[in-house]
Amino acid sequence: MKRILRTLGLLLGLAVVAVVGFGLFVAVRGIPHYDVPAVAAPPAMPTGTPAQLALGGSMVRANCAACHRNPKTNRLSGAPLTDVFPGLGHLYSPNITQDTAHGIAAWTDNELAAVLRTGIGRDGRYRVIMPHFVHLSDADLQAVLAFLHSADPSVQADATPTPAQAPSFLLKILTHTVMKPSPLRPGPRPTPAPTPALAYGQYLVTGRYVCFQCHSQSHETNQELHPEQSAGYLGGGTAFHDRQGRLIHSANITGDQDTGIGDWTPAQLAATLRFGQSPHGPTRSPMPVFSAMTDEEVQGIYAYLQSVPKIKNAIPKDGQPVAAR
Ligand code: HEC
Ligand code: HEC
């Protein structure tokens, strides 16, 4: 009996040492570094065609501005991230304007492509919170880069320095366990044609606008490489804070009649996406307003959302289940 107790005590002691050791290691090491992945060079495009810039601008406004826009300068010069869970620390979106000292002027297109696709920065440090655009087509990625290099006012050099990130111990632990860079998928990645609408819609929801990242069960259970395998795929539930700091949840956008958007018309979806006017009232931040979304895009997204497995999941909004709003 005594021996068993002694062995148990020893094991417990070892477990405590291992946990404390891991904690110390994480605390000292901070956010992990990785080898910078070698991304195939996107073709040089110093200016970008008008079509590229229009598409790139629409994607940057929908996908990047929510985090990187500084409301004081109206440029992508970075801002404190107020809508992330406070327990993660004091975090900032960096300055991604064309400024040499504080922006991304020194980043090559390959380095930018690497951080966008995998989350690994040019110095190897893992970039936290930032979504990974794993399934973005090559042409769409080039359009984003062309826009970042363009003459648009929002990306002109701005000398606002980005404060040093102050990640909490919890966030450091997460980056050593569940928050990992996404591996590079072997290319090439073509943009699907607008018809058939279903395949186009799948691309828009998982690649171009990454709707699934916000509209599934949680960020932690999302499967970047295989979006459809994310827990509660498109069934809503990911927690956010709105601009007033209130806890809100993303909506169920599967075709379920009661708790999803099964009873919506394409026109209702279009008004929600383009103007932020859902049949349930105005959509709150961080739901983006996709003001430049084309009819073909809305049709594709509508067809795809109605086709995915329906999930019954009412999200509390103002204390009411979604179905009763
Ligand atoms: C949910 C918020 C969010 C969104 C959306 C987002 N980013 Fe970021 N991004 C961040 C944060 C936060 C960091 C820095 C994280 C860190 O330092 O660990 C970052 C880092 C970067 C960096 C590296 C810059 C540097 O100096 O480290 C680039 C480039 C970048 N983002 C570009 C983009 C582009 C382009 C888009 C849209 C296609 C985008 N981001 C979308 C939050 C976001
Ligand atoms: C950055 C996170 C984020 C992204 C990206 C995002 N959404 Fe949302 N979406 C939300 C949140 C949060 C809400 C809930 C807003 C509210 O309660 O006011 C929402 C609400 C909606 C609604 C309204 C549902 C209702 O019942 O009123 C629809 C429809 C919708 N999103 C579709 C989409 C589609 C389609 C995409 C991609 C093209 C997308 N969203 C991208 C976060 C996001």
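The chain has the name Mono/diheme cytochrome c family protein in an unreviewed UniProt entry, where Hymenobacter caeli is given as its organism.

Asks: Got a minute to help me understand the packing of aromatic side chains in this structure?
Replies: Centre-to-centre distance and the angle between the planes together describe a pair of aromatic rings. For the structure on display, the rule yields two aromatic pairs. Considering the side-chain rings of Y34 and Y126, the 6.4 Å spacing of their centres and the 75 degrees angle between planes classify their relative orientation as edge-to-face. Highlighted residues: Y34 in the loop between α1 (2-29) and α2 (50-63) and Y126 in the loop between α4 (109-118) and α5 (138-148), separated in sequence by 92 residues. The partly exposed category is assigned to Y34, whose relative accessible area is 27%.

Asks: Quick question: what am I supposed to make of the site of ligand 2 here?
Replies: With respect to spatial proximity, 25 residues lie near ligand 2, and among them C211, C214, H215, S278 and M287 are the closest. In this structure, a nitrogen atom belonging to ligand 2 sits 2.8 Å away from a side-chain N or O atom of H215. For ligand 2, an oxygen atom lies 2.9 Å from a polar atom in the side chain of H280. Here the residues of the shell around ligand 2 sort into 15 nonpolar, seven polar and three charged.

Asks: In this structure, what is going on with the coordination of the iron atom of ligand 1? I would like to understand it.
Replies: Tetrahedral metal sites with four donors have an ideal angle of 109.5 degrees; octahedral sites with six donors have ideal angles of 90 or 180 degrees. Taken together, H68 (NE2) and M130 (SD) make up the protein donors of the iron atom of ligand 1, found 2.0 to 2.2 Å from the metal. Each of the six donor atoms bound to the iron atom of ligand 1 contributes to angles spanning 87 to 179 degrees, and the resulting shape is octahedral. Of this pair, H68 sits in helix α3 (residues 65-68) while M130 sits in the loop between α4 and α5, and the two are 62 residues apart along the sequence. Residue M130 is classed as partly exposed on the basis of its relative accessible area of 23%.

Asks: What exactly am I supposed to notice about the packing of α2 against α5 here?
Replies: When two helices pack together, their arrangement is given by the angle between their axes and by how far apart the axes lie. Packing of α2 against α5 brings their axes to within 7 Å, and their N-to-C directions diverge by 85 degrees. By the angle between their directions, the pair α2 and α5 is classed as roughly perpendicular. Together, Q52, L53, L55, G56, G57, M59, V60 and R61 of α2 and D140, Q142, A143, V144, A146 and F147 of α5 make up the contact between the two elements. Of the residues in the contact of α2 with α5, the class split is eight nonpolar, four polar and two charged.

Asks: In this structure, what is going on with the pattern of salt bridges? I would like to understand it.
Replies: When their charged atoms lie close together, side chains carrying opposite charge are able to pair. Tallied over the entire structure, the rule returns 10 salt bridges. Across the pair R127 and D123 runs a salt bridge whose closest N-O atoms are separated by 3.0 Å. Judged by relative accessible area, which is 17%, R127 ranks as buried. Here D123 falls in the partly exposed class, since its relative accessible area comes to 44%. The network of salt bridges with shared partners includes R117, D138 and R189.

Asks: I would appreciate a short explanation of the coordination of the iron atom of ligand 2 in the present structure.
Replies: In the first shell of the iron atom of ligand 2, the protein supplies H215 (NE2) and M287 (SD), at 2.0 to 2.2 Å from the metal. Viewed at the metal, the six donor atoms of the iron atom of ligand 2 are separated by angles of 88 to 179 degrees, and the geometry they form is octahedral. Here H215 is found in helix α8 (residues 211-215), whereas its partner M287 is found in the loop between β8 (281-282) and α10 (295-307), with 72 residues between them in sequence. For H215, a relative accessible area of 12% translates into the label buried.

Asks: Can you walk me through α2 in this structure?
Replies: Given 3.6 residues per turn, any residue in an α-helix points the same way as the ones three and four places further on. Taking 1.5 Å as the rise per residue, α2 with 14 residues should run 20 Å; its terminal C-alpha atoms sit 20 Å apart, in good agreement. Listed as buried for α2 are Q52, G56, G57, S58, M59, V60, A62 and N63. Next to the buried residues of α2 lie α3, α5 and α7 (197-208).

Asks: How should I be thinking about the site of ligand 1 in this particular structure?
Replies: Of all residues adjacent to ligand 1, which total 21 residues, the nearest are C64, C67, H68, R127 and M130. Take R127: an N or O atom from its side chain is 2.7 Å from an oxygen atom of ligand 1. In this structure, an oxygen atom belonging to ligand 1 sits 2.9 Å away from a main-chain N or O atom of V128. If you list the elements that add at least two residues to the shell around ligand 1, you get α3 and α4.

Asks: Explain the nonpolar core here, please?
Replies: For soluble globular proteins, nonpolar side chains are generally found buried alongside one another. Residues V205, Y209, L234, L269, I301 and L305 are the most contacted members of the largest nonpolar core, which totals 48 residues. For this core, the secondary structure elements donating two or more residues are α2, α4, α5, α7, α8, α9 (266-275) and α10. Among the elements that make up this core, the one with the highest residue count is α5 (six residues). If you count residues domain by domain, this core takes at least three from each of domain 1 (50-177) and domain 2 (197-324). Discounting chain neighbours no more than four positions away, the residues touching L234 are V205, C211, F212, H215, S216, A251, N252, I253, T254, Y304, L305 and V308. One finds V84, L91, L171 and M179 within the second-largest nonpolar core, a separate group that totals 10 residues.

About the criteria used
Residues numbered from 1 in each chain as written. Chains lettered and ligands numbered in written order. Predicted model: local features only at pLDDT ≥ 70, side-chain atom pairs only at ≥ 80, totals over all residues. Heavy atoms only, no water. Phe/Tyr/Trp six-rings, centres within 6.5 Å; stacked < 30°, edge-to-face > 60°. Helix = DSSP H or I, 4+ residues; strand = E, 2+ residues; numbered from the N terminus. Buried < 20%, exposed > 50% of the residue type's maximum accessible area, 1.4 Å probe, protein only. Near = heavy atom within 4 Å. Polar contact = N/O pair within 3.5 Å; in protein donor to acceptor, adjacent residues only side chain to side chain. Nonpolar A, V, L, I, M, F, W, Y, C, P; charged D, E, K, R; others polar. Donors = N, O, S within 2.8 Å, 3.2 Å for Na, K, Ca; no water. Tetrahedral: all angles 85-135°; square planar, octahedral: opposite > 155°, others 65-115°. Axes fitted to C-alpha atoms, helices over the stretch in contact; angles between N-to-C directions. Parallel < 35°, antiparallel > 145°, perpendicular 65-115°, else oblique. Contact = heavy atoms within 4.5 Å. Salt bridge = Lys/Arg side-chain N within 4 Å of Asp/Glu carboxyl O. Expected span 1.5 Å × (residues − 1). Core = buried A, V, L, I, M, F, W, Y, C linked by side-chain atoms within 4.5 Å. Domains from an automatic or database assignment.

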